[in-house]
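In case you want the letters, here they are:
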Amino acid sequence: RQKGADLFGVADLAPARDLIASQGNSLVGRFPRAVSMGMPLNDFIVEQHSPVEPRRESLYWHHVYDVVTPALDFLAYDVFKWLKGRGFEALPIPGSTPYNFEKLEGMISHKLAAHLAGLGWIGKSCMLLTDRFGPRVRFVTVLTDAPLQTGSAVDRPCGKCHVCVDACPVKAFTGVEFRADEP
């Protein structure tokens, strides 16, 4: 937190071991825990974002991919160095660089790690929702074998709330509660 993380937690990856292994990277499967760190996005910038604006020319793109994501990557590297300096194995997972470019998948889902660390729950939008920032937060993950105390996954159904469903400009959400057993 002293280095800039607004959200911080440690996840036990055992409950998601099969899903993690199915993403196909053997490096990931050897780590039992994940350190999850998050930073919020600027509300004003998110609210001004237009889906029709050219991606790389938008203030939103700059804020998310040129400011927040690199800050998280540097934070992950600092945590990696701290863990390695204490004799533990660690692997920082970049905030946005895909491992599988064809499917645009990362080595591990930052959303999954944050959820298992107890930092939020997965809503009807399939986004991770946090008490402090709602869905307006980015995460980064450091995998490790360090015997850190882990959090617990948060299960907070959205109930009758449809804010994300109603707000989606392309009506991409069905309004059905998230189920981990669905693809």
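Scroll up to find the structure this text is about.
Overview of the structure. (Residues numbered from 1 in each chain as written. Predicted model: local features only at pLDDT ≥ 70, side-chain atom pairs only at ≥ 80, totals over all residues. Heavy atoms only, no water.)

### Structural notes on the side chain of Arg 138
Assignment of secondary structure puts Arg 138 in strand S6 (residues 137–144). Although Arg 138 is buried, it forms no salt bridge, and the closest oppositely charged side chain is Asp 73 at an N-O distance of 7.7 Å. Of the polar contacts made by the side chain of Arg 138, one reaches the side chain of Thr 69; its length is 3.1 Å. Setting aside anything within four residues of it in sequence, one finds Arg 138 in contact with Met 37, Gly 38, Met 39, Leu 41, Val 64, Tyr 65, Val 68, Thr 69, Leu 72, Gly 95 and Ser 96. (Helix = DSSP H or I, 4+ residues; strand = E, 2+ residues; numbered from the N terminus. Buried < 20%, exposed > 50% of the residue type's maximum accessible area, 1.4 Å probe, protein only. Lys, Arg positive; Asp, Glu negative; His and termini not counted. Salt bridge = Lys/Arg side-chain N within 4 Å of Asp/Glu carboxyl O. Polar contact = N/O pair within 3.5 Å; in protein donor to acceptor, adjacent residues only side chain to side chain. Contact = heavy atoms within 4.5 Å.)

### Quick notes on helix H3 (residues 59–85)
Given a rise of 1.5 Å per residue, 27 residues ought to cover 39 Å, and the 38 Å separating the end C-alpha atoms of H3 matches this to within 8%. Along its length, H3 shows its largest kink, about 30°, at Thr 69, and proline Pro 70 lies within four residues downstream of that point. Taken as a whole, H3 has its buried residues at Trp 61, His 63, Val 64, Val 68, Thr 69, Leu 72, Leu 75, Ala 76, Val 79, Phe 80 and Leu 83. Among the structural elements, strand S2 (33–40), helix H2 (43–48), strand S3 (90–93) and S6 are those in contact with the buried residues of H3. Backbone geometry just downstream of H3 places Gly 87 in the positive-phi region, at approximately 90°. (Expected span 1.5 Å × (residues − 1). Bend = angle between axes of the 7 residues up to and from the residue.)

### Points about the environment of Val 28
If you trace the backbone, Val 28 turns up in the loop between helix H1 (17–22) and S2. Residue classification places Val 28 among the buried residues on the basis of a relative accessible area of 0%. Expressed as a C-alpha distance, the spacing of Val 28 and Cys 164, which sit 136 residues apart in the sequence, is 32 Å. Leave out the neighbours within four places in its chain, and Val 28 touches Arg 17, Ile 20, Met 107, Ile 108 and Leu 143.

### Some remarks on the nonpolar core
Core analysis: the largest hydrophobic core is formed by 24 residues, its most contacted members being Leu 13, Ile 20, Ile 108, Phe 139 and Leu 143. When residues of this core are traced back to their parent elements, those giving at least two are strand S1 (7–12), S3, helix H4 (110–116) and S6. The element that contributes the greatest number of residues to this core is H4, accounting for four residues. Counting 19 residues, the second largest nonpolar core, distinct from the first, contains Val 46, Leu 83, Val 142 and Ala 146. (Core = buried A, V, L, I, M, F, W, Y, C linked by side-chain atoms within 4.5 Å.)

### Focus: unusual backbone geometry
At Cys 126, a position not held by glycine, the phi torsion is positive, near 65°. The topology assignment puts Cys 126 in the loop between strand S4 (121–122) and strand S5 (128–129). Given a relative accessible area of 38%, Cys 126 falls into the partly exposed group.

### Some points on the packing of aromatic side chains
The geometry of an aromatic ring pair comes down to the distance between the two centres and the angle between the two planes. Counted according to the given criterion, the structure contains two aromatic pairs. Residues Tyr 77 and Phe 80 carry aromatic rings whose centres are separated by 5.5 Å and whose planes lie at 35° to one another, so their mutual orientation is tilted. Note that Tyr 77 and Phe 80 are positioned in helix H3 at a spacing of three residues, about one turn of the helix. Assessed through its relative accessible area of 42%, Tyr 77 is described here as partly exposed. Accessibility expressed as a relative area gives 18% for Phe 80, which makes it buried. (Phe/Tyr/Trp six-rings, centres within 6.5 Å; stacked < 30°, edge-to-face > 60°.)

### Side note on the pattern of salt bridges
Applying the stated rule across the entire model yields five salt bridges. Lys 3 is the partner of Asp 78 in a salt bridge, and the nearest nitrogen-oxygen pair spans 3.7 Å. Here Asp 78 is found in helix H3, whereas its partner Lys 3 is found in the segment before S1, with 75 residues between them in sequence. Judged by relative accessible area, which is 28%, Asp 78 ranks as partly exposed.

### Some words on the sheet that holds S2
Across the sheet, four strands lie side by side as S1-S2-S6-S3; this open sheet has antiparallel pairing. Two strands bound the open sheet, and with one partner strand each, they are S1 and S3. Recorded for the sheet is a direction-independent mean angle of 20° between the axes of neighbouring strands. When S2 meets S6, the two strands line up antiparallel, connected through eight bridges. Within the sheet, the bridge partner assigned to Met 37 lies in S6 and is Val 140. Contacts from H3 reach S2, S3 and S6 within the one sheet, and its direction differs from that of S6 by about 25°. (Pairing = 2+ DSSP bridges. Axes fitted to C-alpha atoms, helices over the stretch in contact; angles between N-to-C directions.)

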